[in-house]
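The residues making up each chain are set out below.
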Amino acid sequence: SRSYKPHLLPDVIAGKIEMDKIYLRPNSYFLENNIQLRPGQTVAKVDFSKYQVILEHKEVVPFDGLIIATGGRPRIPEPLEVFEDAMMTLKTASHAQVWINKLAKVQSVLLIGGDLTSLGLTRALLKLGKTVYFMINEESFWPLPFNQRLHEEISSCLCARGVNVLTSSHIRRLSSLSEDIIEVETECEKLSVGAVGAFFGLVPDVKFLVRSGLDIDRGVLVDEKLRTRFTNVYAA
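The rules behind these values
- Residues numbered from 1 in each chain as written.
- Predicted model: local features only at pLDDT ≥ 70, side-chain atom pairs only at ≥ 80, totals over all residues.
- Heavy atoms only, no water.
- Helix = DSSP H or I, 4+ residues; strand = E, 2+ residues; numbered from the N terminus.
- Contact = heavy atoms within 4.5 Å.
- Areas by Shrake-Rupley, 256 points an atom, 1.4 Å probe, with all protein chains shown as cover.
- Lys, Arg positive; Asp, Glu negative; His and termini not counted.
- Charge placed at Lys NZ, Arg CZ, Asp CG, Glu CD.
- Patch = residues over 30% accessible without salt bridge, like charges linked within 9 Å, V, L, I, M, F, W, Y side chains within 5 Å.
- Salt bridge = Lys/Arg side-chain N within 4 Å of Asp/Glu carboxyl O.
- Buried < 20%, exposed > 50% of the residue type's maximum accessible area, 1.4 Å probe, protein only.
- Pairing = 2+ DSSP bridges.
- Axes fitted to C-alpha atoms, helices over the stretch in contact; angles between N-to-C directions.

A. Highlighting the overall build of the chain. When helices and strands are tallied, the chain shows 5 helices and 14 strands. A separation threshold of at least 6 residues defines the contact pool for the chain, and within that pool the share at least 24 residues apart is 50%. Summing over all exposed atoms, the chain offers an accessible surface of approximately 14,300 Å²; the carbon and sulfur share of this is 51%. Computed over 28 positive and 28 negative side-chain charges, the inter-centroid distance for the chain is 4 Å.

Structure, rendered in structure tokens:
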């Protein structure tokens, strides 16, 4: 798909900008510059010995140089995977549209996390007049070191803006009582909200590269110039 600016998605949800404004280039740009854009197609694997990209529908695309910039998908910690269907994320334009549709029907939202996306969405929700609950999760701050001072600073800033910061840190149960009511039980409190957003950072989309010969550890390993172990292959 076309490159876009994910940090603008909260502004789309808040109604500050149109969805088209998040994209870096219009479709006409690629045609005018002889760039073959291949939206909707999936890479199945990469053969670095033959310098070929193999697409899921069996097409083989040769290359002289390759930049691997596959981004990531929203991460859901293993203990919360059982509640995944009840939690919303925000990474793509389609995710933003789901939020827009949901917020037209609900008044209150619980956000779990602390990454920049969750803070941007908090600002958007407040602009829309929604009641916002926030559960700060230390895993969302990686690679920043999380400590009590950082927790207090963030809590203070959120509270000053009218956010209800929960003292809890763990979800015990999420129950969908109806299409627009979710009951949340933590280790020390219980509340009902219209939607729950999960923000625990991203998982790099590198699963298809695991047996390719690249060095993989939470992502593709590169040197200080973003070079992989293969000539003319870079990752970012």
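On we go from here.
B. Expanded view of the environment of Pro-74. Locating Pro-74 in the fold gives a position in strand S5 (residues 72–74). As for Pro-74 and Leu-90, which are separated by 16 residues in sequence, their C-alpha atoms are 7.5 Å apart.

C. Highlighting a negative patch on the surface. A grouping of Glu-78, Glu-81, Glu-84 and Asp-85 is seen on the molecular surface, where their side chains present a negatively charged patch. In this fold, Asp-85 is placed in the loop between S5 and helix H3 (93–103). Exposure remark for Asp-85: the relative accessible area of 84% places this residue in the exposed category.

D. Region of interest: the sheet that holds strand S11 (residues 190–193). In spatial order, the strands read S9-S10-S11; together these 3 strands make up an open sheet with antiparallel pairing. In this open sheet, the two edge strands, each paired with only one partner strand, are strand S9 (171–178) and S11. Recorded for the sheet is a direction-independent mean angle of 20 degrees between the axes of neighbouring strands. Sheet analysis places S9 next to strand S10 (residues 181–186), joined by 6 bridges and oriented antiparallel. Residue pairing in the sheet places Arg-173 in a bridge with Glu-185 of S10.

E. Seen up close, the environment of Glu-152. Tracing the backbone shows Glu-152 in helix H5 (residues 148–160). Glu-152 sits in the partly exposed class, given a relative accessible area of 47%.

F. Structural detail: a nonpolar patch on the surface. Side chains of Ile-67, Val-222, Leu-226 and Tyr-234 sit close together on the surface and give an oily, nonpolar patch of about 360 Å² of accessible area. Looking at where Val-222 falls in the secondary structure, it is placed in the loop between strand S13 (202–204) and strand S14 (233–235). By relative accessible area, which is 33% here, Val-222 ends up partly exposed.

G. Seen up close, the sheet that holds strand S8 (residues 164–165). One open sheet holds the 4 strands; their spatial order is S8-S7-S6-S12, and the pairing between them is parallel. With partners counted over all chains shown, the strands left at the sheet margins are S8 and strand S12 (195–198), one partner each. Summarising the sheet, strand S6 (residues 108–113) and strand S7 (residues 131–136) pair through 6 bridges and their orientation is parallel. Residue Leu-110 lies in a different strand from S7, and its bridge partner there is Tyr-133.

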